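# Breakdown of the fold
Chain residues, written in single-letter form:
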Amino acid sequence: MHLEFYEVDVPIHTNDRARHGLHVFTGQATSVTEALTRAHQVYDAALSARQAGLENPGQQNGGWGARGTRDGWELDWAAAKAGLWPNPFSWSSKKLYEL
């Protein structure tokens, strides 16, 4: 099993159309499908903890976690997109400039 880091971007909507955003999850997975599943699981765990008045469960296996939830924000999981995480600090993503 080969684990790689994935990014899952989930659109956020509110009743106020002017307020919208994107919730970004990252962590290790073997596929896009697993990444989407893990992101959804950690969000559901954070939401359940909040609704029960418990502390956020924080980071879980593979680096997945949801730092928190907000009242009135709905995540559109049907529109979620996942792919390999583009590490901005990777040597392969750096541009070389001539001096």
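Just so you know, these numbers come straight off a predicted model, no measurement behind them.

### Observations regarding the overall build of the protein chain
Counting secondary structure elements, the protein chain contains 1 helix and 4 strands. In the protein chain, the order of α-helices and β-strands from amino to carboxyl end is β-β-α-β-β. Across the 99 residues of the protein chain, 25% fall into the buried class. A separation threshold of at least 6 residues defines the contact pool for the protein chain, and within that pool the share at least 24 residues apart is 61%. Element-wise, carbon and sulfur atoms account for 52% of the exposed surface of the protein chain, whose accessible area totals about 7,400 Å².

### Focus: the side chain of H23
Relative to the elements of secondary structure, H23 occurs in strand β2 (residues 20-29). In this structure H23 touches V8, D9, V10, I12, G68 and L75, once residues within four positions along its chain are discounted.

### Considerations on the pattern of salt bridges
Close approach of charged atoms allows side chains of opposite charge to pair. Using the criterion set out here, one finds 1 salt bridge in the structure. Across the pair R50 and D71 runs a salt bridge, and its minimum N-O distance is 3.3 Å. Linking R50 in helix α1 (residues 32-51) with D71 in the loop between α1 and β3 (74-75), this pair joins segments that are 21 residues apart in sequence. Looking at R50, the relative accessible area reads 37%, which means it is partly exposed.

### Brief notes about the packing of aromatic side chains
Enumeration over the complete set of coordinates arrives at 4 aromatic pairs. The ring of W73 carries R70 above its face, with NZ or CZ at 5.9 Å from the centroid.

### Describing the pairing of β2
In this sheet, β2 lies alongside strand β1 (residues 4-13) in antiparallel orientation, the contact comprising 10 bridges. Counted as the bridge partner of F5 is Q28 from β2. Linkage of β1 to β2, two consecutive antiparallel strands, is achieved through a turn of 6 residues.

### Considerations on α1
Over its 20 residues, α1 extends 29 Å from the first C-alpha to the last, a length consistent with the 28 Å expected when each residue adds 1.5 Å. At its buried positions, α1 is contacted by β1, β2 and β3. At the exit of α1 stands G53, carrying a positive phi of roughly 75 degrees.

### Observations concerning the side chain of E7
For E7, the location among the structural elements is in strand β1. At 12 Å, K81 is the nearest oppositely charged side chain to E7, a buried residue that forms no salt bridge. Filtering out sequence-adjacent residues up to four positions away, E7 remains in contact with V24, F25, T26, K81, A82, G83, L84, W85 and P86.

### What about the pairing of β1?
Sheet topology note: the β1/strand β4 (residues 81-84) ladder contains 4 bridges and is antiparallel. In the sheet register, V8 faces β4, and the bridge partner there is A82. As defined by bridge partners, β1 adjoins β3 across 2 bridges and the pair is classed as antiparallel. In the sheet register, I12 faces β3, and the bridge partner there is L75.

Analysis parameters
- Residues numbered from 1 in each chain as written.
- Predicted model: local features only at pLDDT ≥ 70, side-chain atom pairs only at ≥ 80, totals over all residues.
- Heavy atoms only, no water.
- Helix = DSSP H or I, 4+ residues; strand = E, 2+ residues; numbered from the N terminus.
- Buried < 20%, exposed > 50% of the residue type's maximum accessible area, 1.4 Å probe, protein only.
- Contact = heavy atoms within 4.5 Å.
- Areas by Shrake-Rupley, 256 points an atom, 1.4 Å probe, with all protein chains shown as cover.
- Salt bridge = Lys/Arg side-chain N within 4 Å of Asp/Glu carboxyl O.
- Phe/Tyr/Trp six-rings, centres within 6.5 Å; stacked < 30°, edge-to-face > 60°.
- Lys NZ or Arg CZ within 6 Å of the ring centre and 35° of its normal.
- Pairing = 2+ DSSP bridges.
- Expected span 1.5 Å × (residues − 1).
- Lys, Arg positive; Asp, Glu negative; His and termini not counted.

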